[in-house]
Amino acid sequence: MRLVLLGPPGVGKGVQGNLIKEKFNIPKISTGDILRDAIKNDTSEGREAEEYLHLGKLVPDSLINQIVKKRLPNQDCKNGFILDGYPRTLPQAEFLDEVFDEMDINLDKVVSIEVDEDVIVKRLSNRRVCLSCGEVYNMLNDPPGENGVCRSCGEKKIIQRDDDKPETIQKRFEVYNKETHPLKEFYRNNGLLAEVDGDGEVMEIFNNIVSLIE
Ligand code: AMP
């Protein structure tokens, strides 16, 4: 199963991607996570990407394309994978097609998760993450444990991502509407696009996704 998860920031791609990963036993490749790790580890890719992430802008296609091209031939991807946050521009989608051709594999589905912008802005501004283990919380309906301790790893390092601050959220939406939204048309024309309503219970959305991809 080879999937792309599409949708604006904060729509639930990460959460749904993790559930799909568990069910189908395939890795979830989040380019945002890869870049954040690279920044944390102060690699050359991280240093190149840092400024873009802080400003809510997309990193250059050439940088992210090479990261993905390096990642896909890994042994853990041989039964499939979920791409979360990639491709995000038309040139990235075209590049991905070329990589697939070279690897002689096909994309099975592009799942686009749909939620109104005002609902997402509210979600994102309440999102918090654990700096130690990456667990995601929402201060409205899924807060961390008592005294702000991570329920997953027990550390007390729950933070708001820089790019979840209001001014950056706005910028990320502008970027999504301009650069990423046109990909829906691209994948609709390829017959790969499946749209799913992302405003509801996590498991209900997940079941809808599963019935679309199975
Ligand atoms: P995400 O966690 O997917 O929202 O990604 C966080 C940030 O990483 C984005 O706002 C971009 O700055 C950068 N990023 C992640 N994936 C890509 C991509 N496919 N193309 C360009 N920039 C990306």
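Preceding this section is the structure that the text describes.
1. Observations concerning the pattern of salt bridges
Okay, so step 1: Throughout the structure, instances matching the rule amount to 17 salt bridges.
Okay, so step 2: When the shortest N-O distance is used, the salt bridge between Asp33 and Arg36 registers 2.9 Å. Remark: Arg36 and Asp33 occur in helix 2 (residues 31-40); sequence separation between them is three residues, near one turn of the helix.
Okay, so step 3: Asp76 is the partner of Arg71 in a salt bridge, and the nearest nitrogen-oxygen pair spans 2.8 Å.
Okay, so step 4: A cluster of three or more residues bridged by salt bridges with shared partners is formed by Glu114, Lys184, Glu185, Arg188 and Glu195.

2. Some details on the environment of Val149
Okay, so step 1: Examined against the element boundaries, Val149 turns out to sit in the loop between strand 6 (136-138) and strand 7 (158-159).
Okay, so step 2: Linking Val149 and Cys130, residues 19 residues apart in sequence, is a C-alpha distance of 8.9 Å.
Okay, so step 3: The contact partners of Val149, leaving out residues within four places of it in the chain, are Pro144, Gly154, Glu155 and Lys156.

3. Focus: the layout of surface pockets
Rolled over the atoms, a probe as big as a water molecule pinpoints where empty space is left.
Okay, so step 1: Here the second largest pocket defines a volume of roughly 150 Å³.
Okay, so step 2: Looking at the second largest pocket, the residues that line it are Lys57, Leu58, Val59, Asp61, Thr89, Lys171, Glu174, Val175, Lys178 and Glu179.

4. Regarding the site of the ligand
Okay, so step 1: The immediate surroundings of the ligand are formed by 16 residues, with Thr31, Arg36, Lys57, Gly85 and Gln92 found nearest.
Okay, so step 2: Within the side chain of Arg172, one N or O atom sits 3.2 Å away from an oxygen atom of the ligand.
Okay, so step 3: Isolated, the ligand exposes 480 Å² of accessible area, and the fraction of that covered by the protein chains is 96%.
Okay, so step 4: Among the elements that line the shell around the ligand, the one with the most residues is helix 2, at four residues.
Okay, so step 5: Taken together, the residues of the shell around the ligand sort by class into six nonpolar, four polar and six charged.

5. What to know about the side chain of Asn65
Okay, so step 1: Within the fold, Asn65 resides in helix 4 (residues 61-71).
Okay, so step 2: Classification of Asn65 as buried rests on a relative accessible area of 6%.
Okay, so step 3: At 2.6 Å, the side chain of Asn65 forms a polar contact with the side chain of Tyr86.
Okay, so step 4: Apart from residues no more than four positions distant in its own chain, Asn65 is found in contact with Tyr86, Gln92 and Phe95.

6. Observations regarding a negative patch on the surface
Okay, so step 1: Together, Asp116, Glu117, Asp118, Asp197, Asp199, Glu201 and Glu204 make up a negatively charged patch on the protein surface.
Okay, so step 2: Mapped onto the elements of the fold, Glu201 is located in the loop between strand 8 (193-197) and helix 9 (202-213).
Okay, so step 3: Overall, the relative accessible area of 58% leaves Glu201 in the exposed class.

7. Observations concerning the packing of aromatic side chains
Okay, so step 1: If you walk through the whole model with that rule in mind, you get two aromatic pairs.
Okay, so step 2: When the centroid spacing of 5.0 Å and the interplanar angle of 85° are considered together, the rings of Phe186 and Tyr187 count as edge-to-face. Residue Phe186 shares its accessibility class with Tyr187, and that shared class is buried.
Okay, so step 3: When the ring centre of Phe24 is taken as reference, the NZ or CZ atom of Lys23 above it lies at 5.9 Å.

8. Focus: the sheet that holds strand 2 (residues 28-30)
Okay, so step 1: The five strands lie next to each other as 2-3-1-4-8, forming an open sheet whose pairing is parallel. With one partner strand each, in any of the chains shown, strand 2 and strand 8 form the two edges of the open sheet. Neighbour to neighbour, the strand axes of the sheet diverge by 25° on average, direction disregarded.
Okay, so step 2: In the sheet, strand 4 (residues 109-114) pairs with strand 8 via five bridges, with the strands oriented parallel. Bridge pairing in strand 8 links Val110 to Leu193.
Okay, so step 3: Strands strand 1 (2-6), strand 4 and strand 8 of the sheet are contacted by helix 8 (residues 182-189), whose axis makes an angle of about 125° with strand 8.

About the thresholds
- Residues numbered from 1 in each chain as written.
- Predicted model: local features only at pLDDT ≥ 70, side-chain atom pairs only at ≥ 80, totals over all residues.
- Heavy atoms only, no water.
- Salt bridge = Lys/Arg side-chain N within 4 Å of Asp/Glu carboxyl O.
- Helix = DSSP H or I, 4+ residues; strand = E, 2+ residues; numbered from the N terminus.
- Contact = heavy atoms within 4.5 Å.
- 1 Å grid on protein atoms, 1.4 Å probe; cavity = no way out; pocket = protein on both sides within 12 Å on 5 of 7 lines; lining within 4 Å.
- Points joined across faces, edges and corners; volume = space filled by probe spheres on them.
- Near = heavy atom within 4 Å.
- Polar contact = N/O pair within 3.5 Å; in protein donor to acceptor, adjacent residues only side chain to side chain.
- Areas by Shrake-Rupley, 256 points an atom, 1.4 Å probe, with all protein chains shown as cover.
- Nonpolar A, V, L, I, M, F, W, Y, C, P; charged D, E, K, R; others polar.
- Buried < 20%, exposed > 50% of the residue type's maximum accessible area, 1.4 Å probe, protein only.
- Patch = residues over 30% accessible without salt bridge, like charges linked within 9 Å, V, L, I, M, F, W, Y side chains within 5 Å.
- Lys, Arg positive; Asp, Glu negative; His and termini not counted.
- Charge placed at Lys NZ, Arg CZ, Asp CG, Glu CD.
- Phe/Tyr/Trp six-rings, centres within 6.5 Å; stacked < 30°, edge-to-face > 60°.
- Lys NZ or Arg CZ within 6 Å of the ring centre and 35° of its normal.
- Pairing = 2+ DSSP bridges.
- Axes fitted to C-alpha atoms, helices over the stretch in contact; angles between N-to-C directions.

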